[in-house]
Amino acid sequence: MSLLSQGRDRVQWSAYGFIAGILIGLVLGWLFHGVIGTVVNFLIVAALLTPFIIAFIFWRRTKERIEDLRTPDPVPTVPLDRGDPIDAPSYVIRERSESREQ
């Protein structure tokens, strides 16, 4: 075998590998084009919605901090233990002495 024929064989087999790679790439690209398109669309929508989501979170936190400043602290309650008396206001209910028939 001459040096020229060895080079020709090497180029021929490289061309077969290149063509096979192109065909496999085309088939796999055709199979996964829907998945890749969906991922790209999702990333575009996420990039467009991100500023609005960040603005909404900032607004909610600011609103909660303002409400916390406006509302006074609740009166502290005394924790009761078991058996402690409960102080409750009592009201006397008196019976009516007059008749309802008039």
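Here the structure is shown first, and the text comes after it.
Residues numbered from 1 in each chain as written. Predicted model: local features only at pLDDT ≥ 70, side-chain atom pairs only at ≥ 80, totals over all residues. Heavy atoms only, no water.

Caption draft 1: Seen up close, the pattern of salt bridges. Scanning the model with the defined rule gives 1 salt bridge in all. Measuring nitrogen to oxygen at the nearest pair gives 3.8 Å for the salt bridge that ties Arg60 to Glu64. Highlighted residues: Arg60 and Glu64, both in helix 1 (residues 3-70), separated by 4 residues, approximately one helical turn. Of the residues examined, Arg60 reaches a relative accessible area of 39% and is grouped as partly exposed. (Salt bridge = Lys/Arg side-chain N within 4 Å of Asp/Glu carboxyl O. Helix = DSSP H or I, 4+ residues; strand = E, 2+ residues; numbered from the N terminus. Buried < 20%, exposed > 50% of the residue type's maximum accessible area, 1.4 Å probe, protein only.)

Caption draft 2: Here's a closer look at the packing of aromatic side chains. For the structure shown, the criterion picks out 2 aromatic pairs. Taken together, a centroid distance of 5.4 Å and an interplanar angle of 85° make the contact between Trp13 and Tyr16 edge-to-face. In this pair, Trp13 and Tyr16 both sit in helix 1, 3 residues apart, roughly one turn of the helix. With a centroid separation of 5.9 Å and an interplanar angle of 40°, the aromatic rings of Phe56 and Trp59 are classed as tilted. With Phe56 and Trp59 both in helix 1 and 3 residues apart, this pair spans about one turn of that helix. Among the residues examined, Phe56 registers a relative accessible area of 44% and is labelled partly exposed. Residue class for Trp59 comes out partly exposed when judged on its relative accessible area of 47%. (Phe/Tyr/Trp six-rings, centres within 6.5 Å; stacked < 30°, edge-to-face > 60°.)

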